[in-house]
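Single-letter residue listing:
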2 protein chains.
Amino acid sequence: MARIREFDTDQAVDRAMDLFWRRGYAETSLQDLLKELSIGSGSFYAAFGSKEQLYIRSLDRYISLQGGDLETTLGETPGIRPAVRRVLTSMIEADLADPTRGCLVVNTATECGDQPLAADRVNTAIRQVESSLAGALERAQARGEISPEKNPGELARFLTTFIQGIRIVGGARVGREFIEDALSTAMRVLD
Amino acid sequence: MARIREFDTDQAVDRAMDLFWRRGYAETSLQDLLKELSIGSGSFYAAFGSKEQLYIRSLDRYISLQGGDLETTLGETPGIRPAVRRVLTSMIEADLADPTRGCLVVNTATECGDQPLAADRVNTAIRQVESSLAGALERAQARGEISPEKNPGELARFLTTFIQGIRIVGGARVGREFIEDALSTAMRVLD
DNA sequence: CCCTTTCTGGATTGATCAATACATAATTAA
DNA sequence: TTAATTATGTATTGATCAATCCAGAAAGGG
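Note that the structure is a prediction, hence the values are computed from the model and not measured.

**Section: the protein's contact with DNA strand C**
Part 1: Taken together, 22 residues form the shell around DNA strand C, and within it M1, L30, S41 and K51 of chain A together with E6 of chain B come nearest.
Part 2: Restricting the count to atoms of DNA strand C within 4 Å of the protein gives a sugar and phosphate share of 69%.
Part 3: Separating a phosphate oxygen of DNA strand C from a backbone N or O atom of G40 of chain B is a distance of 3.2 Å.
Part 4: Backbone polar atom of G42 of chain B to a base nitrogen of DNA strand C: 3.2 Å apart, as the coordinates give it.

Next up, the structure:
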């Protein structure tokens, strides 16, 4: 019926996500995207509509991937304390390994905070982290790993907030010791 | 000897700081700045050199103002717990009142993370917050308000990290309850 | 008064921006 | 083979970007 698209759209979103993640929305030009995706602008606009639409799509992809990773780590690591610690340390390691990247959700929150579509995604992502943590903490409490006096929801909201702080400080080159001190102190709220 | 400048440079930096704070670096155009400062481009470049240089100068001004506020609050509020709580709640109130603003240091960390001059300022600002908090916690420990077993430096690094998280979550419109749960949980590390 | 110096702001620069137009190529149904 | 449809990439659009140029204005020294 018609000509077939020569590139894989989902793969292109992944590549765009990576570029936006590294450089931010404003600093990623359309030419940068076209070069990274190896397509022309005609194909670009036919497939994605606009730079902004592709950004939102990349952000959705990021949130989906990160949400899956979080659920997997919390679900597969025995013991709530090792599980939470693993979640936090994996972020710290990522930040220390590449301080320019950070978290795409956090980057979006500060760079695109007044764009409604982007702000909605940020809100959704944060609630998703809260929900995953709250679920894991509730299950741990049922298993007796956490004192019955604790409120899993409150703990989850605390950890979610702390995680956002990790993403900022982790990119600020303050040294591993700084963040590990913060981490070990934060872990004490579970006791 | 020569014509005198018709505008107040320091006041112009304050106005520029406010604009960068609200809109970010990339989203603030030179025309926006000229309009806000009510000067022409000739005067602008004679006085400030470039948009980037003015941004750095605005950032330095912001860090100086915020650092002074922090020292004042910590120094004048009796009791370390009320003092820390006041520091955190004042940030929360500011974030809830104007979610688009946030913290200029945090915004810079994510938007200009790979610009060396800006990254240095972010690093300095975070260490400054850590230092102020550590000092207040040490004094409180000497007064007996905090257990001698605690490490004031570790607590300061935790609180500094948590504060950065507050600035992100505070702008994400998750509701006051979310952040207040996080806050009350965070305060327990001082016990 | 004139001279020197600096400030001022509008005009202009060249670059780059996101997005569109369009001719051509590829694909399938008829 | 033809017609219909969609993809592709280049050229081009108008807007906007940060920064420079420059002619005139304002100030103080002589």
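We are not done yet, so read on.
**Structural notes on the interface of chain A and chain B**
How big an interface is tends to be expressed through the accessible area that disappears when the partners come together.
Part 1: Listed per partner, the contact involves 37 residues of chain A and 36 residues of chain B.
Part 2: Taking both sides of the interface into account, the surface hidden between chain A and chain B amounts to around 3,300 Å²; carbon and sulfur atoms contribute 67%.
Part 3: Three residues, T161, I168 and F178 of chain A, lead the burial of chain A against chain B; their summed loss comes to 18% of the area buried on that side.
Part 4: Across the chain A-chain B interface, the total number found is 2 salt bridges.
Part 5: The shortest N-O distance in the salt bridge between R157 of chain A and D181 of chain B comes to 2.7 Å.
Part 6: Counting every contact that joins chain A to chain B gives 9 residue pairs in polar contact (both at pLDDT 80 or more).
Part 7: Where the side of chain A that touches chain B is concerned, the elements lending two or more residues are α6 (104-111), α7 (116-142), α8 (152-169) and α9 (176-187) of chain A.
Part 8: It is α8 of chain A that provides the largest number of residues to the side of chain A that touches chain B, a total of 12 residues.
Part 9: A class-by-class count of the residues in the side of chain A that touches chain B yields 17 nonpolar, 11 polar and 9 charged.

The rules behind these values
Residue indices begin from 1 for each chain and proceed along its sequence in written order. The lettering of chains begins at A and the numbering of ligands begins at 1, in the order of writing. The predicted nature of this model means local features are confined to residues of pLDDT at least 70 and side-chain atom pairs, given and counted, to a pLDDT of 80 or more, with totals for whole chains, interfaces and linings taken over all residues. Excluding hydrogens and water, the side-chain figures rest on all heavy atoms present in the structure. Near is defined per residue: the residue qualifies when any heavy atom it owns lies within 4 Å of the molecule or strand. Within 3.5 Å is the distance limit for a polar contact, defined as a pair of N or O atoms, with the added protein rule that one can donate a hydrogen and the other accept it, and that residues adjacent in sequence qualify only through two side-chain atoms. Note on definitions: a residue-residue contact is assigned when non-hydrogen atoms from the two residues lie within 4.5 Å. Summed over both partners, the accessible area (1.4 Å probe) lost when two parts come together is defined as the buried area. Salt bridge, as used here, is a side-chain nitrogen of Lys or Arg placed within 4 Å of a carboxyl oxygen of Asp or Glu. Numbering goes from the N terminus for both helices and strands, where a helix is a DSSP run of H or I of at least four residues and a strand is a run of E of at least two. Residues were grouped as follows: Ala, Val, Leu, Ile, Met, Phe, Trp, Tyr, Cys and Pro as nonpolar; Asp, Glu, Lys and Arg as charged; and all remaining residues, including Gly, as polar.

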